[in-house]
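A look at the structure
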Amino acid sequence: MTDTPSSGAPDQTEWLTTSGGVRLRETDRSLKAGERGPTLLQDHHLREKITHFDHERIPERVVHARGAGAHGTFTAYGTAETVTSAGFLAEGRETPVFVRFSTVLGSRGSADTVRDTRGFATKFYTEEGTFDLVGNNIPVFFIQDGIKFPDIIHAGKPHPDREIPQAQSAHDTFWDFVSLHTEAQHHTLWNMSDRGIARSYRMMEGFGVHTFRLINAAGETSLAKFHWKPKLGVHGLLWEEAQMLGGFDPDFHRRDLADAIEAGAHPEWELGVQVFPDTPQQTYEGIDLLDPTKLVPEEIAPVQTIGRLVLDRNPDNFFAETEQVAFHVGNLVPGIDVTDDALMQARLFSYVDTQLTRLGGPNFNQIPVNRPHAPVNDMLRDGFHQDEVHRGVAPYHPNSLDAGCPFLAGDPQGAFLDNPVRVPETAKQREQPASFDDHFSQPRLFWLSMTPVEKQHIVAAYAFELGKVHEPAIRERQLQCLAEIAPDLCGGVAAALGLTAPSPKGELADPDPSPALSMLGGSYPPDGRTVGIVVGPDSPAEEIDGLCAALRGSLMMPMVVAPTAAPLGGDVAVQRTFSTARSVEFDALVVADGAAAVGSDPHVMLLVEEIFRHGKALLAWGNGVEVVATAGIAVPAPGVKAEESSSIAAAELPDLLGAHRSWERFALA
Ligand code: HEM
């Protein structure tokens, strides 16, 4: 587990030096007049060390400040070649990538497991230049026009007077805005679902959100939406787990990503596209493709997979890579272009603008993680943090002094060609299409597509969030919005708040549910799942060792939980003691033979009880079964089993973890 740094040997030379390379014989004591001082201004090493430290921090991102990154490779299937000429999507082409996952609202040091949208930004270092797919784990957005971005973010961030609450949407200003600006209701509903509290970055879908324009080799265009589909399925935490993790392990997602990669359980996604004809209306089946608060159900526009992403390397240095990476929606390659989506258009301005401040000037593309892998010859010169030593005398075009170089490329040389999309003859206006006024039919589609347990979680999430809102008028206004989405949703939330549910003012839409929107169903590999193994002092060390090896062999991550940190039997490492373990770290718990010796230790009882309550797999063998019984849990129950041996437990776990939880247990409760 990555409690300690593990990213390899430092790359410094053997001797400690100044930044000028002069070797130092002392770094613990400053240069003083005599033993007792004062300290001398001439101490260059002291001044350099302190000055550099004083300037170590850069501004955090104005949004998405908290994140974690990883390197990997994208391999194209070639199935997109009919719709785009992008070279990196040609069959078999392998492209290095860097991905940064993030939360939106919290500061750099905020907890990972808060209820929020997650960023999913991918930098493809293609041979034709850098392509950034800067997406989220939710396919729709709060606003239809980028001019509203400062408004939604100001509303979601902590209140400006006291700078609280941190990384939360459960407060007055957020609900004030989304209940007034009702186009935000669809995205908000996704946030209130278990998508808002992802189990892991590895278990999230990703979406480009906007509609892009693709151009193929023949110059034909189509419209498309990008989707990332995780190999491990889409899973959430329970709200109680998310809150507990905020205290027990605020770095839960960051740790999970790094640990899984280190354990060889490399996270994987398939990239897919929904492709639509590029018609003048830019609609599909009545859905406006330029409205980023709307999705196109997969049932009417299937996602066609076009490649595979594998993340297999942790960054060596968080600041250099994860913190300094600079994504930009305008980083496009030939074959992929933007559309007139007014949200996307504002983003084209915002990212570089903010990075000029965040990364200290205009040369941030020279930072290693941002450097294109394609050759660069850009005639951009000088400025803060200029690392290049440009040769020649003529950084202008045209010129005759540098032999006319650099040349402009044409079509056959792989230039990015601006697609000659027709701009309608029209007046300048601050307006939008009438279809953008429909704010409730798609949230209703989402609600109708949920399973009963997902609906239960959504009602509970609204009840929690609105329960934290102090202003009664805001709660009531939000309840009215819920009434426009679904009276049963509104009724459930109103009952939990002790309020009367209002009736809808508008007519309810009648969309066909989209089962693809549900997170439930399917069975997935157990890669990188953590399994706690509770042992007693006399548990069979060799067997425990074998169990750990078997779990690691199936890419799971065992953690032995023992009364003390002393290695079991002298050489089986213990990762958690009873007092440092908490159930929320584990996807499953195995109680080993020999554990009965600990009797009804309150930590172990709590561990077993929470694992059961949270619907996680709970296995025991030998007298470990007595521990489960002492905790008051009947064996067997769905996902709770007494096994004959540790090897049977190891064999059963992948299946039990495949569905993430024993959902039947919630129905029983
Ligand atoms: C569909 C809508 C949007 C999505 C999917 C999205 C996604 C993201 C993601 C994933 C990041 C984190 C990038 C990273 O990891 O470094 C980010 C950062 C950011 N986004 Fe957006 N965003 C959206 C809308 C907007 C809009 C409308 C604006 C402004 C008009 C905006 C401005 C920013 C800014 C300023 C940052 C910080 C960038 C940095 O400092 O590097 N975003 N966004």
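The rules we used
- Residues numbered from 1 in each chain as written.
- Predicted model: local features only at pLDDT ≥ 70, side-chain atom pairs only at ≥ 80, totals over all residues.
- UniProt positions renumbered as here; feature names shortened; annotations may be inferred.
- Helix = DSSP H or I, 4+ residues; strand = E, 2+ residues; numbered from the N terminus.
- Buried ≥ 20, exposed ≤ 12 C-beta atoms within 10 Å, placed from the backbone.
- Contact = placed C-beta atoms within 7 Å.
- Near = placed C-beta within 6 Å.
- Nonpolar A, V, L, I, M, F, W, Y, C, P; charged D, E, K, R; others polar.
- Core = buried A, V, L, I, M, F, W, Y, C linked by C-beta atoms within 7 Å.
- Domains from an automatic or database assignment.
- Axes fitted to C-alpha atoms, helices over the stretch in contact; angles between N-to-C directions.
- Parallel < 35°, antiparallel > 145°, perpendicular 65-115°, else oblique.
- pLDDT = per-residue confidence, 0-100.
- Pairing = 2+ DSSP bridges.
- Left-handed = near helix turned anticlockwise from the far one by under 90°.
- Expected span 1.5 Å × (residues − 1).

Within an unreviewed UniProt entry, the label attached to the protein reads Catalase, and the organism entered is Nocardioides luteus. Of the comments in the UniProt record for the protein, the one headed Sequence similarities (unreviewed entry) reads "Belongs to the catalase family. HPII subfamily." Comment text from UniProt for the protein, heading Cofactor (unreviewed entry), reads "heme".

Digging into unusual backbone geometry
Between Ile164 and the following residue, Pro165, the backbone shows a cis peptide bond with an omega angle of 0°. As for its position among the elements, Pro165 is in the loop between helix 2 (149-156) and helix 3 (172-180). Cis geometry is adopted by the peptide bond preceding Pro406, which originates at Cys405 and carries an omega value of -10°. Structurally, Pro406 is set in the loop between helix 8 (342-358) and helix 9 (441-448). Phi is positive for Ala167, which is not a glycine, with a value near 55°. Of note, Ala167 is situated in the loop between helix 2 and helix 3. Judged by C-beta crowding, with 24 C-beta atoms within 10 Å, Ala167 ranks as buried. Despite not being glycine, Glu285 shows a phi value in the positive range, around 50°.

Focus on the UniProt feature "binding site: heme" (unreviewed entry) in the protein
When the UniProt feature table is mapped onto this chain, "binding site: heme" (unreviewed entry) is found at Arg61, Arg100, Phe149, Arg347, Tyr351 and Arg358. Tracing the backbone shows Arg347 in helix 8. If near-sequence neighbours (up to four positions away) are discounted, Arg347 is found in contact with Gly146 and Val329. As for its placement among the helices and strands, Tyr351 is situated in helix 8. Accessibility expressed as a C-beta count within 10 Å gives 18 for Tyr351, which makes it partly exposed. Ignoring any residue separated from it by four or fewer positions in sequence, one finds Tyr351 in contact with Phe327, His328 and Val329.

Side note on the site of the ligand
Looking at the ligand, there are 28 residues lining it, with His64, Arg100, Gly119, Val209 and Ser350 nearest. Elements represented by at least two residues in the shell around the ligand include exactly strand 2 (94-103), strand 3 (118-126), strand 4 (129-136) and helix 8. Among the elements that take part in the shell around the ligand, helix 8 stands out by supplying eight residues, more than any other. Here the shell around the ligand is composed, by residue class, of 14 nonpolar, 10 polar and four charged.

Describing the UniProt feature "active site" (unreviewed entry) in the protein
Following the UniProt record, the feature "active site" (unreviewed entry) maps to His64 and Asn136 here. Across 73 residues, the annotated set stays spatially compact, with a maximum C-alpha separation of 10.5 Å. Within the secondary structure, His64 is located in the loop between helix 1 (44-54) and strand 1 (67-76). Once you skip the residues sitting within four places of it in the chain, His64 turns out to touch Ser102, Val104 and Gly119. Its location among the elements puts Asn136 in strand 4. Overall, the presence of 24 C-beta atoms within 10 Å leaves Asn136 in the buried class. Setting aside chain neighbours within four positions, we find Asn136 in contact with Thr117, Arg118, Gly119, Phe120, Phe207 and Val209.

Some thoughts on the nonpolar core
Among the nonpolar cores identified, the biggest contains 112 residues, and Ala224, Tyr462, Leu482, Ile485, Leu489, Cys490 and Val493 are the most heavily contacted of them. Sort the elements by how many residues they give to this core and helix 11 (residues 472-485) lands first, with six residues. Taken together, domain 1 (67-370) and domain 2 (453-517) each give at least three residues to this core, which thus spans both. Met557, Val561, Val591 and Val598 belong to the second-largest nonpolar core, a separate cluster that totals 43 residues.

Side note on the packing of helix 11 against helix 12 (residues 487-497)
Interaxial distance between helix 11 and helix 12 falls to 6 Å at its minimum, and their mutual angle equals 150°. On the basis of the axis angle, helix 11 is roughly antiparallel to helix 12. Contact with helix 11, carried on its side by Arg475, Leu479, Leu482, Ala483 and Ile485, involves Pro487, Leu489, Cys490, Val493, Ala494 and Leu497 of helix 12 and no other residues of that element. Of the residues assigned to the contact of helix 11 with helix 12, the class counts are 10 nonpolar, no polar and one charged.

Some points on the confidence of the model for the protein
The predicted model of the protein averages 96 in pLDDT, with 98% of residues at 70 or higher. Reported confidence for the predicted complex is 0.94 by ipTM and 0.97 by pTM.

Description of the sheet that holds strand 14 (residues 557-562)
Spatial strand order, 15-14-13-16-17-18: six strands in an open sheet with parallel pairing. The open sheet is flanked by strand 15 (576-577) and strand 18 (640-643), the only strands paired with a single partner. With four bridges connecting them, strand 16 (residues 588-591) and strand 17 (residues 617-621) associate as parallel partners. Residue pairing in the sheet places Val591 in a bridge with Ala620 of strand 17.

What to know about the packing of helix 10 (residues 452-467) against helix 12
Interhelical geometry of helix 10 versus helix 12 gives an angle of 45° and a closest axis separation of 9 Å. Classified by the angle their axes make, helix 10 and helix 12 are oblique. The way helix 10 lies across helix 12 gives a crossing that is right-handed. On the side of helix 10, the interface is formed by Ile458, Val459, Tyr462, Ala463, Leu466 and Gly467, while helix 12 contributes Leu489, Gly492, Val493, Ala496 and Leu497. Classifying every residue of the contact of helix 10 with helix 12 gives nine nonpolar, two polar and no charged.

Regarding helix 11
If you check helix 11, its first and last C-alpha atoms are 20 Å apart, about what 14 residues at 1.5 Å a residue would give, namely 20 Å. Burial in helix 11 covers these residues: Ile474, Arg475, Gln478, Leu479, Cys481, Leu482, Ala483, Glu484 and Ile485. Buried-residue contacts for helix 11 involve helix 3, helix 4 (185-192), helix 9, helix 10 and helix 12.

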